[in-house]
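Each chain, letter by letter, is given below.
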Amino acid sequence: MKGGRFLIINADDFGISREVNEEVVRVHREGMLTSTSIIVSGDHFEEAVRLAKENPRLAVGLHVTCAHGKSVLPHSQIPHIVDRNGNFESDPARAGLRYFFCKKARKELYAEVAAQFKKFSAAGLAFSHVDSHCHMHVNPVVLDAVIEAAEAYGVKRMR
């Protein structure tokens with residue numbers, strides 16, 4: 001429809017749990033959900049990838065995680081932004097301040113964001129869009145890291 005309007009309904013956190021995965025697919029199959037954003041470090045990421053491939057009309061984007069979640073890279077590679085268990089700061093504001101003011105954290109953030117894009121791509125999914133957990137991409141440092149990686153992977157849409 002030329003010049004028409006479209007409504008995109010997106011669900012975040014695909015891949016974080018079995019329950020979220022099941023609900024995303026259920027609501028999509030019922031015709032109420034257009035797209036989802038997947039957390040590549042989620043405990044049920046592989047299941048979410050399988051479900052996405054079984055539902056090819058479900059658009060899937062990357063839900064970049066750099067606060068209140070787990071990293072893709074190990075602690076040894078990004079010790080200034082995750083704890084020994086690979087968990088980011090749970091408070092998005094504190095995480096954002098660290099990325100903004102700590103050069104070592106900023107460098108590690110860029111590496112982590114690139115690793116998340118790489119893992120998404122390696123799963124064989126097509127990037128519908130990119131967004132971020134806890135809307136962290138409103139932080140200018142996170143936004144720059146996301147844009148750099150998005151350009152490298154040819155991602156044209158940010159939510």
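Up top you'll find the structure we're talking about.
Residues numbered from 1 in each chain as written. Predicted model: local features only at pLDDT ≥ 70, side-chain atom pairs only at ≥ 80, totals over all residues. Heavy atoms only, no water.

Engineer: Before we move on, can you summarise the environment of Asp91 with the specific residues and values?
Structural biologist: On the secondary structure map, Asp91 appears in the loop between strand E3 (59-64) and helix H3 (92-101). Asp91 gets classed as partly exposed once you look at its relative accessible area, which sits at 27%. Along the sequence, Asp91 and His80 sit 11 residues apart, while their C-alpha atoms lie 15 Å from each other. For Asp91, the side chain forms a polar contact with the main-chain nitrogen of Ala93, separated by 2.8 Å. (Helix = DSSP H or I, 4+ residues; strand = E, 2+ residues; numbered from the N terminus. Buried < 20%, exposed > 50% of the residue type's maximum accessible area, 1.4 Å probe, protein only. Polar contact = N/O pair within 3.5 Å; in protein donor to acceptor, adjacent residues only side chain to side chain.)

Engineer: Quick one: what's the story with the environment of Ser90, residue by residue and with numbers?
Structural biologist: Tracing the backbone shows Ser90 in the loop between E3 and H3. Here the alpha-carbon distance between Ser90 and Lys70, two residues 20 residues apart in the chain, equals 9.9 Å.

Engineer: Go over the pairing of strand E1 (residues 10-14) with me, naming the residues and quoting the values.
Structural biologist: Here E1 runs beside strand E2 (residues 35-38); their pairing, made up of 3 bridges, is parallel. Across the sheet, Ala11 pairs through a bridge with Thr36, a residue of E2. In this fold, E1 hands off to helix H1 (residues 18-29), which returns the chain to E2; that crossover is right-handed. (Pairing = 2+ DSSP bridges. Right-handed = clockwise from strand over helix to strand, strands pointing away.)

Engineer: Would you mind going over the packing of helix H4 (residues 103-122) against helix H5 (residues 140-153) in detail, with residue names and values included?
Structural biologist: The geometry of H4 relative to H5 is characterised by a closest axis approach of 9 Å and an angle of 35 degrees between their N-to-C directions. The two elements H4 and H5 meet at a crossing, and its hand is right-handed. Facing Arg106, Leu109, Tyr110, Val113, Ala114, Phe117, Lys118 and Ser121 of H4, the residues of H5 in contact are Val141, Val142, Asp144, Ala145, Val146, Glu148, Ala149, Ala150 and Tyr153. For the contact of H4 with H5, the per-class residue count stands at 12 nonpolar, 1 polar and 4 charged. (Axes fitted to C-alpha atoms, helices over the stretch in contact; angles between N-to-C directions. Left-handed = near helix turned anticlockwise from the far one by under 90°. Contact = heavy atoms within 4.5 Å. Nonpolar A, V, L, I, M, F, W, Y, C, P; charged D, E, K, R; others polar.)

Engineer: Kindly report on the pattern of salt bridges, identifying the contributing residues and their values.
Structural biologist: One side chain can pair with another of opposite charge once the charged atoms of both are near each other. Tallied over the entire structure, the rule returns 9 salt bridges. Here Arg26 makes a salt bridge to Glu30, at a shortest N to O gap of 3.0 Å. For Glu30, a relative accessible area of 46% puts it in the partly exposed group. For Glu89, the salt bridge goes to Arg98, with nearest N and O atoms at 3.8 Å. Among the residues examined, Glu89 registers a relative accessible area of 15% and is labelled buried. Connected through shared salt-bridge partners, Asp12, Asp131 and Arg159 make up one network. (Salt bridge = Lys/Arg side-chain N within 4 Å of Asp/Glu carboxyl O.)

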